Amino acid sequence: MLFRSGNPVNGDGCNVDCQPSSTVLGTKTYDQEGGNDVLYAVATDDAGNAFVAGRIVVGGNTIWMFVRKYDADLNVVWTRTLDESAGNDYLFGATVDASGNLIVTGRTSPPGQGGNVWTRKYTNDGAIVWTRTYDLPPNDAVDQGLAVAADANDSIVVTGESWSPASGANVWIRKYDSAGTTLWTKVYNGPDDSDDIGRGVAFDPAGDVVMTGESWSTGHGKNIFTRKFDGTNGETMWTKVYAAVGASNDVGRAVAINDEGDVYIAGEIWVDGQGTDVFVRKMSGATGDPIATKTYNNAGVDGNDSGRGIAIDSQGAVVVTGTSWNTGEGADVWTRKYDSALNVMWTRVWQGTAQANDNSHGVAIGNGDDIYIAGEYRSSIFGDLFIRRYSP
């Protein structure tokens with residue numbers, strides 16, 4: 001009998017199964033009927049299945065929600081397409097709870113109501129468990145869920161935005177128990193009564209909640225806004241705001257937390273003369289103080305680079321995915337793996353065949369620390385949704 005020990009460390013170029021790091025293990029795309037179809041989120045369960053959520057264009061101009069389950073080898077298990085409001089409906093966030101249920105969140109657009117936060121829980125087999133909506137009066141404004149997370153007790157937290165005529169968009173965050181009962185809700189309006197948005201959310205090992213997003217300040221623009229909440233009652237534990245130099249466009253888009261409670265956020269910051277750069281920061285879970293920070297700008301190309309999704313594997317390595325801008329090609333799918341101290345381990349860039357904008361919006365870790373990313377891929381002037389699997 002032949003035994004292969006491989007290498008005891010995944011991600012350093014030769015993995016434990018002797019598979020080279022960042023090898024493409026599979027890619028699947030889907031085109032509804034010629035519109036711009038996009039996946040905004042991906043999540044995995046303990047059995048190695050991957051779930052995606054996003055939107056498809058139906059009939060050339062109507063947007064429906066899209067949910068699909070794949071097995072570990074990216075074979076389709078089931079699909080749900082949803083027209084919930086006779087308007088344009090989107091899914092932006094997805095997570096799998098400890099019991100293997102799938103939770104998705106996004107926005108429905110009922111006539112005359114702008115947009116409502118919409119959250120649904122499915123069984124692992126795709127049966128509906130419950131659905132919750134939220135609409136802040138006046139109901140002609142846009143309220144939407146942009147991210148969702150689940151804790152060890154199957155409680156759920158959703159963040160996004162809720163719009164008020166007096167203050168514009170406000171950060172909105174709500175915790176539900178496993179049955180969909182509201183436990184607490186918090187709304188944050190920044191000092192300038194302008195657009196404040198929650199874009200990423202995660203539970204830490206103690207059950208507390210960290211949200212990241214953006215908060216507006218006059219004279220500067222968007223700032224990265226990160227806040228930790230007590231998981232029991234939603235009270236603020238700490239808040240950190242990061243603003244790059246000068247009038248800026250800084251956004252936190254995703255957050256992940258390791259087993260020690262350290263917080264990692266990903267997003268983008270504005271750099272004069274360069275556009276936006278990928279921004280990744282490790283923070284103390286206890287205080288929010290920065291521990292390490294890394295940025296990425298595609299050398300020699302002054303375009304918009306952005307970190308859109310972040311995940312942590314079983315060895316504590318951090319994977320960030322998003323967009324890297326290339327002259328003549330537009331945006332390319334960009335994925336980078338870091339060790340826990342944010343030292344670069346490897347980077348992959350993927351360009352679609354149409355030399356147009358390709359974007360990755362979400363990342364999740366599967367069995368054996370395989371990496372799943374999801375987003376949009378341009379095979380023509382229109383976008384197809386994609387999911388791709390990399391070795392660690």
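Scroll up a little and you will see the structure.
Just so you know, these numbers come straight off a predicted model, no measurement behind them. (Residues numbered from 1 in each chain as written. Predicted model: local features only at pLDDT ≥ 70, side-chain atom pairs only at ≥ 80, totals over all residues. Heavy atoms only, no water.)

A. Highlighting the overall build of the protein. Helices and strands together make up the secondary structure of the protein, namely zero helices and 29 strands. Rg of the C-alpha trace for the protein: 20 Å, near the compact-globule value of 21 Å for 392 residues, within the 12% margin. Along the first, second and third principal axes, the C-alpha set of the protein runs to 65 × 45 × 45 Å. Taking the intrachain contacts of the protein between residues at least 6 apart in sequence as the baseline, contacts between residues at least 24 apart amount to 49%. If you sum the accessible surface of the protein, you get close to 14,700 Å²; carbon and sulfur atoms cover 46% of it. For the protein, the distance from the average position of its 29 positive side-chain charges to the average position of its 49 negative side-chain charges is 2 Å. (Helix = DSSP H or I, 4+ residues; strand = E, 2+ residues; numbered from the N terminus. Rg over C-alpha atoms; globule rule 2.2 N^0.38 Å. Contact = heavy atoms within 4.5 Å. Areas by Shrake-Rupley, 256 points an atom, 1.4 Å probe, with all protein chains shown as cover. Lys, Arg positive; Asp, Glu negative; His and termini not counted. Charge placed at Lys NZ, Arg CZ, Asp CG, Glu CD.)

B. Quick look at the pattern of salt bridges. Throughout the structure, instances matching the rule amount to 13 salt bridges. For Arg 389, the salt bridge identified is with Asp 73, shortest N-O distance 3.2 Å. In this pair, Arg 389 is assigned in strand S29 (residues 383–390) and Asp 73 in the loop between strand S4 (62–70) and strand S5 (76–82), connecting sequence segments 316 residues apart. Put simply, Arg 253 and Glu 268 hold a salt bridge, and the shortest N to O gap is 2.7 Å. With Arg 253 in strand S19 (residues 251–257) and Glu 268 in strand S20 (residues 263–271), this pair connects stretches of sequence that are 15 residues apart. Taking the relative accessible area as the measure of exposure, Arg 253 reaches 23% and is therefore partly exposed. Through salt bridges with shared partners, a single ionic network connects Asp 73, Asp 370 and Arg 389. (Salt bridge = Lys/Arg side-chain N within 4 Å of Asp/Glu carboxyl O. Buried < 20%, exposed > 50% of the residue type's maximum accessible area, 1.4 Å probe, protein only.)

C. Looking closely at the packing of aromatic side chains. Counting across every chain of the model gives 14 aromatic pairs. Residues Tyr 30 and Phe 66 carry aromatic rings whose centres are separated by 5.4 Å and whose planes lie at 25 degrees to one another, so their mutual orientation is stacked. Within this pair, whereas Tyr 30 is found in strand S1 (residues 24–30), its partner Phe 66 is found in strand S4, the two being separated by 36 residues in sequence. Tyr 30 gets classed as partly exposed once you look at its relative accessible area, which sits at 22%. Residue classification places Phe 66 among the buried positions, given a relative accessible area of 0%. Taking 4.8 Å as the distance between ring centres and 25 degrees as the angle between the ring planes, the aromatic pair formed by Tyr 296 and Trp 334 counts as stacked. Taken as a pair, Tyr 296 in strand S22 (residues 290–296) and Trp 334 in strand S25 (residues 330–338) lie far apart in primary sequence, 38 residues in all. Neither residue differs from the other here; Tyr 296 and Trp 334 are each classed as buried. Counting every residue linked through ring pairs, the aromatic cluster contains Tyr 40, Tyr 90 and Phe 92. Over the face of the ring belonging to Tyr 30 we find Arg 68, whose NZ or CZ atom lies 4.8 Å from the ring centre. Sitting over the face of the ring of Trp 350, Arg 388 holds its NZ or CZ atom 3.8 Å from the ring centroid. (Phe/Tyr/Trp six-rings, centres within 6.5 Å; stacked < 30°, edge-to-face > 60°. Lys NZ or Arg CZ within 6 Å of the ring centre and 35° of its normal.)

D. View of the pairing of strand S12 (residues 168–176). Burial within S12 is extensive, with nine of its nine residues counted as buried. In this structure, S12 lies alongside strand S13 (residues 182–188), joined through six bridges in antiparallel fashion. Bridge assignment links Val 171 to a residue of S13, and that residue is Tyr 188. Here S12 folds back onto S13 in antiparallel fashion, the turn holding five residues, of which Gly 180 has a positive phi close to 90 degrees. (Pairing = 2+ DSSP bridges.)

E. View of the environment of Gly 368. Summarising the element assignment, Gly 368 is placed in the loop between strand S27 (359–365) and strand S28 (371–378). In sequence terms Gly 368 and Ser 314 are 54 residues apart; their C-alpha atoms lie 8.4 Å from each other.

F. Highlighting the side chain of Ser 162. By secondary structure assignment, the location of Ser 162 is in strand S11 (residues 156–164). Looking at Ser 162, the relative accessible area reads 1%, which means it is buried. A distance of 3.3 Å separates the side chain of Ser 162 from the side chain of Asp 143, its partner in a polar contact. Leaving out residues up to four positions away in the same chain, Ser 162 has contacts with Tyr 134, Leu 136, Val 142, Asp 143, Gly 168, Ala 169, Asn 170 and Trp 172. (Polar contact = N/O pair within 3.5 Å; in protein donor to acceptor, adjacent residues only side chain to side chain.)

G. Local environment of the environment of Lys 240. Inspection of the secondary structure assignment puts Lys 240 in strand S17 (residues 236–242). Distance in space between the C-alpha atoms of Lys 240 and Ile 63 is 36 Å, their sequence separation being 177 residues. Once residues within four sequence positions are removed from consideration, Lys 240 is found in contact with Ile 224, Phe 225, Thr 226, Met 283, Thr 287, Gly 288 and Asp 289. A polar contact of 3.0 Å, which involves the side chain of Lys 240, links it to the side chain of Asp 289.

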